[in-house]
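# Descriptive structure summary
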Amino acid sequence: DLSVADAAVKPAKTLPDAQTVTAVTHWSDTLFSFRVTRPASLRFRSGEFVMIGLPGENGKPILRAYSIASPNWDDELEFYSIKVPDGPLTSKLQLIQPGDEIILRPKPVGTLVLDALLPGKRMWFLATGTGLAPFASLMRDPETYERYEQVIMMHTCRTAEELNYGRELVENLRHDPLLGEIYGEDFAKRLLYYPTTTREESPFMGRITDNLTSGKVFEDLGLPPMNTENDRAMVCGSLAFNVDVKAVLEGFGLREGANSDPKEFVVEKAFVGEGV
Ligand code: FAD
């Protein structure tokens, strides 16, 4: 019976909130990015996160929080993910291929949104590891450059390889012909990139907190030290990173804001737990 054979090989579209994977890129043993179809009804603010996942053994979905790495104008959704060796979700998620389905709950939320900050001159995006993801969205949103004269992306990882997704994304943006057309040839000066490693030797090393408190990053980029009037910041990393950066920003006089109470900086966890 042909129809039975057919039904047996065709993947059944039975997942609720299913979206189809369109592309997967592996950046290292521990990092990958992927793109999925976007539900027609999904609206979000660049910087927000959603719950995504896969069906579990018992049919109950394994869902985790993921920052949307693509900007809100993109037809598809992009995610940037860790591969935790025994992680309930990522041990399986790292195996996805184009054509596979994932679950995506279309309810975006989060604190890393432009509306949570007061107007200013410079926007600092401060991230470790996959904490880059919300900024991959915000850096690609023209609204960011409408609101701020300059954007500085500070990203810290253990090794140079772990910086590659962000590095490629920023370099492509800085030399994007369309952005150049809209914002002028010196658009590259409006998006500054300051990647550092903590373990592997590289041209720039060290923790974000140390490079801010020592003033090294201001010297290297030719910028004045952070001040309440001109500088705004968004922070996304491990809990320890967030706590340390918050103290440094407060040292410059910046205050933590929220959606309902915009101030000079906002913070969000990149994951729950100790992390790497
Ligand atoms: P889990 O059981 O969830 O985690 C196992 C352990 O791995 C954790 O205890 C922690 O120590 C470590 N870990 C988990 N996630 C990370 C990470 N990203 N980096 C380093 N160590 C980690 N993860 C992403 O990869 N990309 C994202 O964009 C992203 N956005 C998030 C946004 C929010 C608001 C939160 C709270 C978490 C986010 N996470 C993100 C983490 C994500 O929700 C999962 O924890 C991760 O996918 C691992 O899932 P798991 O089931 O394999 O392991």
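Since we're looking at a predicted model, the values are computed, not measured.

Taken in spatial order, the six strands of this open sheet run β4-β3-β6-β1-β2-β5, and their pairing is antiparallel. A strand with exactly one partner marks an edge of an open sheet, and here the two such strands are β4 (61–67) and β5 (76–82). The mean angle between the axes of side-by-side strands here comes to 35 degrees, regardless of whether they run parallel or antiparallel. Note that strand β1 (residues 18–26) and strand β2 (residues 31–37) share five bridges and pair antiparallel. When the bridges of β2 are listed, V21 appears paired with V36.

With that settled, the discussion passes to the domain arrangement of the protein. Per the domain assignment, the segments making up the protein are domain 1 (2–108) and domain 2 (114–269). Counting from both sides, the interface comprises 21 residues of domain 1 and, opposite them, 18 residues of domain 2. Surface buried jointly by domain 1 and domain 2 totals about 1700 Å² across both partners, of which 55% is contributed by carbon and sulfur atoms. When the buried area of domain 1 at its contact with domain 2 is split by residue, W27, R45 and Y80 rank highest and sum to 36% of it. Counting every contact that joins domain 1 to domain 2 gives two salt bridges. As a salt-bridge pair, E78 and R140 come within 3.1 Å of each other at their nearest N and O atoms. Put simply, domain 1 and domain 2 have 11 residue pairs in polar contact (both at pLDDT 80 or more) between them. Within the side of domain 1 that touches domain 2, the residues separate by chemical class into 10 nonpolar, nine polar and two charged.

Attention now moves to the pattern of salt bridges. A complete count under the given rule lists 17 salt bridges for this structure. The shortest N-O distance in the salt bridge between E57 and K92 comes to 3.8 Å. On the criterion of sequence distance, the pair formed by E57 in the loop between β3 (49–55) and β4 and K92 in helix α2 (residues 90–93) is long-range, its members being 35 residues apart. With relative accessibility at 77%, the residue E57 sits in the exposed group. Here R147 and D115 are joined by a salt bridge, their closest N and O atoms 2.9 Å apart. One end of the pair, R147, is in helix α4 (residues 142–147); the other, D115, is in the loop between β6 (101–109) and β7 (122–128), and 32 residues separate them in sequence.

Each value, and the rule that gives it
Residues numbered from 1 in each chain as written. Predicted model: local features only at pLDDT ≥ 70, side-chain atom pairs only at ≥ 80, totals over all residues. Heavy atoms only, no water. Pairing = 2+ DSSP bridges. Helix = DSSP H or I, 4+ residues; strand = E, 2+ residues; numbered from the N terminus. Axes fitted to C-alpha atoms, helices over the stretch in contact; angles between N-to-C directions. Domains from an automatic or database assignment. Contact = heavy atoms within 4.5 Å. Buried area = accessible area lost by both parts, 1.4 Å probe. Salt bridge = Lys/Arg side-chain N within 4 Å of Asp/Glu carboxyl O. Polar contact = N/O pair within 3.5 Å; in protein donor to acceptor, adjacent residues only side chain to side chain. Nonpolar A, V, L, I, M, F, W, Y, C, P; charged D, E, K, R; others polar. Buried < 20%, exposed > 50% of the residue type's maximum accessible area, 1.4 Å probe, protein only.

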